[in-house]
Amino acid sequence: MDNFRKDEQVENKSSNNTIFTKETFGMLMVLFAVLCMVCLITKDAVFGQVGGNISAFLLGALGYFAYPYFVLFAYYGITLVIGKTIPFSKKSSTYVSLFFMLVILLVHGITSARFGGDTINFANISYGKYLTSCYDAGKGVATAGGVVAGLICYWAMRLFTY
């Protein structure tokens, strides 16, 4: 009798796990990416103040590279729904990812060197003030990489400029 109850419990556990599948996760990823892209593109035109705040947050955190991030996020969600894999080897995917990270850091360094028309003196600006400036730039003319790229780019800019 005990074996019957254990089998029944195992069967119930496996049936609960089938609700959240790869396809469901992929659809949630696509939905999230589309909503974020709508907020990024329209700012406060569609979702009002909330859409404007979401857009400012995403541009402050990720910069202008938020657009390709969410396009790739939606693409990955679609591949999960379809069930196909990305046809790249891990080695080539790693190299391509590293290349794009370096491009993001380079473009972020170029776009964040001037905030409000003033050139930043990296010898006199603190790390926190620089990151705050990167985030606040999302409300106006954003940087390329936002705070995420600013976490690394500040130290490189400080090392190579002064």
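Residues numbered from 1 in each chain as written. Predicted model: local features only at pLDDT ≥ 70, side-chain atom pairs only at ≥ 80, totals over all residues. Heavy atoms only, no water.

1. Remarks on the packing of helix α2 (residues 22-42) against helix α3 (residues 48-62)
Part 1 of the reasoning: Between α2 and α3, whose axes approach to 8 Å, the crossing angle comes to 95°. Viewed along their axes, α2 and α3 adopt a mutual orientation that is roughly perpendicular. Contact residues: Cys-36, Cys-39 and Leu-40 in α2; Gly-51, Ile-54, Ser-55, Leu-58 and Leu-59 in α3.
Part 2 of the reasoning: Of the residues belonging to the contact of α2 with α3, the class tally is 6 nonpolar, 2 polar and no charged. (Axes fitted to C-alpha atoms, helices over the stretch in contact; angles between N-to-C directions. Helix = DSSP H or I, 4+ residues; strand = E, 2+ residues; numbered from the N terminus. Parallel < 35°, antiparallel > 145°, perpendicular 65-115°, else oblique. Contact = heavy atoms within 4.5 Å. Nonpolar A, V, L, I, M, F, W, Y, C, P; charged D, E, K, R; others polar.)

2. Details of the pattern of salt bridges
Part 1 of the reasoning: One pass over the full model with this rule turns up 1 salt bridge.
Part 2 of the reasoning: Here Lys-139 makes a salt bridge to Asp-136, at a shortest N to O gap of 3.9 Å.
Part 3 of the reasoning: For Lys-139, a relative accessible area of 64% gives the class exposed.
Part 4 of the reasoning: For Asp-136, a relative accessible area of 38% puts it in the partly exposed group. (Salt bridge = Lys/Arg side-chain N within 4 Å of Asp/Glu carboxyl O. Buried < 20%, exposed > 50% of the residue type's maximum accessible area, 1.4 Å probe, protein only.)

3. So, the confidence of the model for the protein chain
Part 1 of the reasoning: Considering every residue of the protein chain, the mean pLDDT works out to 85; 86% of them sit at 70 or more.
Part 2 of the reasoning: Per-element confidence in the protein chain is highest for α2, whose mean pLDDT is 95, and lowest for helix α1 (residues 2-17), whose mean pLDDT is 54. (pLDDT = per-residue confidence, 0-100.)

4. So, the nonpolar core
Part 1 of the reasoning: Residues Ala-33, Cys-36, Met-37, Leu-40, Leu-58, Leu-59, Ala-61, Leu-62, Ala-66, Phe-70, Ala-74 and Ala-142 constitute the largest nonpolar core, which totals 12 residues.
Part 2 of the reasoning: Going through the elements one at a time, α2, α3 and α4 (66-82) are the ones with two or more residues in this core.
Part 3 of the reasoning: Apart from the residues lying within four places of it in its own chain, the contact partners of Leu-62 are Tyr-69, Phe-70, Ala-144, Gly-145, Gly-146 and Val-148.
Part 4 of the reasoning: One finds Phe-122, Cys-153, Tyr-154 and Met-157 within the second-largest nonpolar core, a separate group that totals 11 residues. (Core = buried A, V, L, I, M, F, W, Y, C linked by side-chain atoms within 4.5 Å.)

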